[in-house]
Amino acid sequence: MSAVVGTLIVLGGLGLFFGVLLSLAGVKLKTKTDPKLESLKDILPGVNCGGCGRAGCGAFAEDVLHGKAETDGCPVGGVELNYQIADILGINPSVSTRMAAYIKCIGSDRHSLFLFKYQGVESCRAAVRLVGGGSKGCTHGCLGGGSCKQVCLFDAVRIVDGIAVIDNDKCTGCTVCVKTCPKGLIEMVPYVRHFRVGCNAHDGGKIIRSNCDVGCIGCRVCVRACPRDAIQMEGQLARIVYEKCDNCGACAQKCPRKIIEHTKKEEM
């Protein structure tokens, strides 16, 4: 019995000894957390949307602290957060253009030719796997399945008359919807540029007319109407060069198909 007790005492003593050593080593090797990092984490939104290009808010805080990210790198926080981050770091805030997502299709159900009626999972990713890429005659158009709406963390996407529509004022520019759309219909554009070409089809006039009442037919009327050379053709499709656009609206007024949208209609 005494031998067993002695063994237990020895083992207990060894356990205590190594425990003390580990505690001392932990204190010695402990990495001090930069208080600025904690402050940054406290003011970040914490939604971990990935719009900053990092795995989450914690990763962004680390990068911006070590100069690997700009102070305005969080699209969710906006201008106020940009200044808060700069204040914590003791530097000047970064300056960049606010971006918003835009869905390059205004071919709603009443404007589009349908080849068949889709009945299945309400998901663009599911619908696009069908022959032809969906039920619409236009293979480039929005299917209205709501995949972008489902992933939007800020309630900035609605489904209106069979197509997705983004609320510019609610959009934070996080780009999650851009990555989700299986047709590549969503692009990031400057928030302050209010005119957008609502089409993504490159098929040419004859095919466009047969599939959609509002598709771009490549007539170049908008190109000729723009006084700043802010519209260029990509094949048969018109595209706005936002760096040159001054929101004059000449392109929208002249477009015979009325596919150039004004996202701030109350200003018209």
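Look above for the structure.
The model shown is predicted, which means the values in this text are computed figures rather than measured ones.

Time to look at the pairing of strand 7 (residues 237–240). Burial along strand 7 is two-sided: L237 and R239 facing one way and A238 and I240 facing the other are all buried. In the sheet, strand 6 (residues 231–234) pairs with strand 7 via four bridges, with the strands oriented antiparallel. Across the sheet, E234 pairs through a bridge with L237, a residue of strand 7. In textbook terms, the turn of a hairpin is the stretch between consecutive antiparallel strands, and for strand 6 and strand 7 this stretch comprises two residues, one of which, G235, has a positive phi near 70 degrees.

On to unusual backbone geometry. Apart from glycine, the bulk of residues carry a negative phi angle, and the bulk of peptide bonds sit in the trans form. Backbone geometry places R220, a non-glycine residue, at a positive phi of 70 degrees. Its location among the elements puts R220 in the loop between helix 8 (205–211) and helix 9 (221–225). The backbone of N247 shows a phi angle near 65 degrees, a positive value even though the residue is not glycine. Note on placement: N247 falls in the loop between strand 7 and helix 10 (250–254). We classify N247 as partly exposed; its relative accessible area is 23%.

Orientation of helix 2 (residues 35–43) relative to helix 3 (residues 57–65), taken along the N-to-C sense of each, is 135 degrees, at an axis distance of 9 Å. Between helix 2 and helix 3, the crossing angle belongs to the class labelled oblique. Considering how the two elements wind past one another, helix 2 and helix 3 form a crossing that is right-handed. Between helix 2 and helix 3, the contacting residues are K36, L37, L40 and K41 on the first element and G58, A61, E62, V64 and L65 on the second. Class assignment of the residues belonging to the contact of helix 2 with helix 3 gives a composition of five nonpolar, one polar and three charged.

Analysis parameters
- Residues numbered from 1 in each chain as written.
- Predicted model: local features only at pLDDT ≥ 70, side-chain atom pairs only at ≥ 80, totals over all residues.
- Heavy atoms only, no water.
- Buried < 20%, exposed > 50% of the residue type's maximum accessible area, 1.4 Å probe, protein only.
- Helix = DSSP H or I, 4+ residues; strand = E, 2+ residues; numbered from the N terminus.
- Pairing = 2+ DSSP bridges.
- Axes fitted to C-alpha atoms, helices over the stretch in contact; angles between N-to-C directions.
- Parallel < 35°, antiparallel > 145°, perpendicular 65-115°, else oblique.
- Left-handed = near helix turned anticlockwise from the far one by under 90°.
- Contact = heavy atoms within 4.5 Å.
- Nonpolar A, V, L, I, M, F, W, Y, C, P; charged D, E, K, R; others polar.

Function cannot be read off these values alone, since they describe shape.
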